[in-house]
Every structure is written in C-alpha cells, then in structure tokens.
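# Structural features, examined
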Amino acid sequence: MKSTRFLILATMFVTLIATNKVSTDLIQKTDPSLVSRYAEGPIPPEVQSILGIAGGPGSYTKLNVGTGGFIAADLKGGGAYVKLNSTDLKPKEGVTNLSYRLEPGRALIFDRLVIEYATADPGTAVEDVTNWTKSLPAELAVGSIEIQSNNEKVYEGSLDVINNDQNNGSKPFHQLFDPRYIADAKQWDIIIKQPKAFSDATVAHYIKVHMDGLMTSIS
C-alpha cells in the first residue's frame, strides 16, 4: 500500500505530464497506466499520444521517493538578492547534486524544505564548510526564498517560517501545502532575498537548501 505522501507526489508528477511541464523524453517513457492511476483530470490527447511510446510494454520511468535535491552557496556578507544556481553548476560533493539544467528524465518534485546556515573564514570553499545548523540568524530569517523552474516562480516563502518549522523537534522540516517542482531539461534557480546584511563582517556566511520528495529517472 502506497503512503499518502507518495500519492500526493505521484499526483503532482502526473500533473506535470498533463500540463507538458516535463521533457518529451520523460513523457515518452512513462507508462500510461501510471498516468491514469494518478491523474486528477483528463489528459490532453496530444500528451496521451506520446505516453509510453519509447518504452514498449510497462514503464521505464521510476519515481524515486525519499530522494531530493540540495545546493549550498556562499552568501558573503548578505543583504542582497543572491541566485544560488550558475551556468557552470554541476554535481559536486558537499555543494550540490543538481546541474544547471536538470538532465532529461530527472525531474525533482519536493514537498519539504530544510535550510541550513554556517559561517567560515572568507574564501572558504563551500565543500569545506562543516558547521551547518538549522538555526538561522536573525539577519537571514527576515528574508525570503524563491524557487523558479523554467523562469516560472514555483515557490516563494518566508525564511522565518521555514526556520521555525525546521527547529520543531517532532517534524524538523518545513512541510509545503502542495508539492512544488523543478522540471527536467529546463533551467532553474533559487533566489535568496535578504534585506539586511549580516552583523558579523569578519566571516563569510553560507546557506544550504534541501528540497526533499522524489526524483524521477528513466532507463
């Protein structure tokens, strides 16, 4: 029996297919029966016509639940709009498991957020930062976070709310009301909007954003 969380994430995946938000590669390798099982409404004929045509019988698309994406970056002194993605981004241990554009077939659907913070000597490489904490300083907590997929805003929220939720002992994360996504084969970005600079200017300030849910894959 599938968990309620899986059902919600799978329904979002099918919604992305029905609205043509994901790549043709991913749609072609998705079993039509999976789509009909989790669809909330009719699937457009133009989408139905290409479902499963590259995979033959059965599905080559996998919904890998319990996975997600993360990215860490240097906020320097804060007090600015900072985009965490860059054109040269690629998976690197301690920095991110994502690329500038997600690979075709590798879409991220997430329903939980965790944001960590750390300080280090200026110039410290992100992968060398170790003292991560989920308790955000006041200067960062007054800001907000925006997540984009293909230049479309898919999520925006207060860092203060996320900070309060993720430091709750029983559920140490921020639960989204509805799942959000980063589409495969499309550009994405995370923007930190921080109106106030950090009071300690002697160190560099770092952020790590975790987006937990499921990652699709095709074979």
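Just above sits the structure.
Here's what I pulled together on the structure shown here.

Calculation rules
- Residues numbered from 1 in each chain as written.
- Predicted model: local features only at pLDDT ≥ 70, side-chain atom pairs only at ≥ 80, totals over all residues.
- Heavy atoms only, no water.
- Phe/Tyr/Trp six-rings, centres within 6.5 Å; stacked < 30°, edge-to-face > 60°.
- Helix = DSSP H or I, 4+ residues; strand = E, 2+ residues; numbered from the N terminus.
- Buried < 20%, exposed > 50% of the residue type's maximum accessible area, 1.4 Å probe, protein only.
- Lys NZ or Arg CZ within 6 Å of the ring centre and 35° of its normal.
- Polar contact = N/O pair within 3.5 Å; in protein donor to acceptor, adjacent residues only side chain to side chain.
- Pairing = 2+ DSSP bridges.
- Axes fitted to C-alpha atoms, helices over the stretch in contact; angles between N-to-C directions.

## Some points on the packing of aromatic side chains
Going through the model one piece at a time under the given rule, you end up with two aromatic pairs. Measuring from centroid to centroid gives 5.9 Å for Tyr-117 and Phe-198, while their planes differ by 35°, and the two rings are tilted. On the criterion of sequence distance, the pair formed by Tyr-117 in strand S3 (residues 108-120) and Phe-198 in the loop between strand S7 (188-193) and strand S8 (204-218) is long-range, its members being 81 residues apart. Just as Tyr-117 is buried, Phe-198 falls in that class too. Lying across the ring of Phe-6, Lys-2 places its NZ or CZ 4.7 Å from the centre.

## Some remarks on the environment of Asn-97
Here Asn-97 is to be found in the loop between strand S2 (81-83) and S3. A C-alpha to C-alpha distance of 7.1 Å links Asn-97 and Ile-71, two positions 26 residues apart in sequence. A polar contact of 2.9 Å, which involves the side chain of Asn-97, links it to the backbone oxygen of Gly-68. There is a polar contact of 2.9 Å between the side chain of Asn-97 and the backbone nitrogen of Phe-70.

## Remarks on the sheet that holds strand S6 (residues 174-182)
A sheet is described by the order of its strands in space; here four strands give the open sequence S1-S8-S3-S6, paired in antiparallel fashion. The sheet terminates laterally at strand S1 (61-76) and S6, the two strands that pair on one side only. Strand after strand, the sheet turns through a mean of 40° between neighbouring axes, direction not considered. Pairing geometry for S1 and S8, over 14 bridges, is antiparallel. For Gly-69, the partnering residue across the bridge sits in S8 and is Met-211.

## Some remarks on unusual backbone geometry
Non-glycine residue Lys-76 carries a positive phi angle of around 55°. For Lys-76, the position within the fold is in strand S1. A relative accessible area of 57% means that Lys-76 is categorised as exposed. A positive phi is found at Asn-151, a non-glycine position, where the angle reads about 65°. Assignment of secondary structure puts Asn-151 in the loop between strand S4 (144-149) and strand S5 (152-158).

## Notes on the pairing of S5
The sheet contact formed by S4 and S5 spans six bridges and is antiparallel. By the bridge assignment for S5, Glu-146 is matched with Glu-156. Between the antiparallel neighbours S4 and S5 lie two residues, among them Asn-150 with a positive phi of about 55°.

The quantities given are spatial measurements derived from coordinates; they are silent on function.
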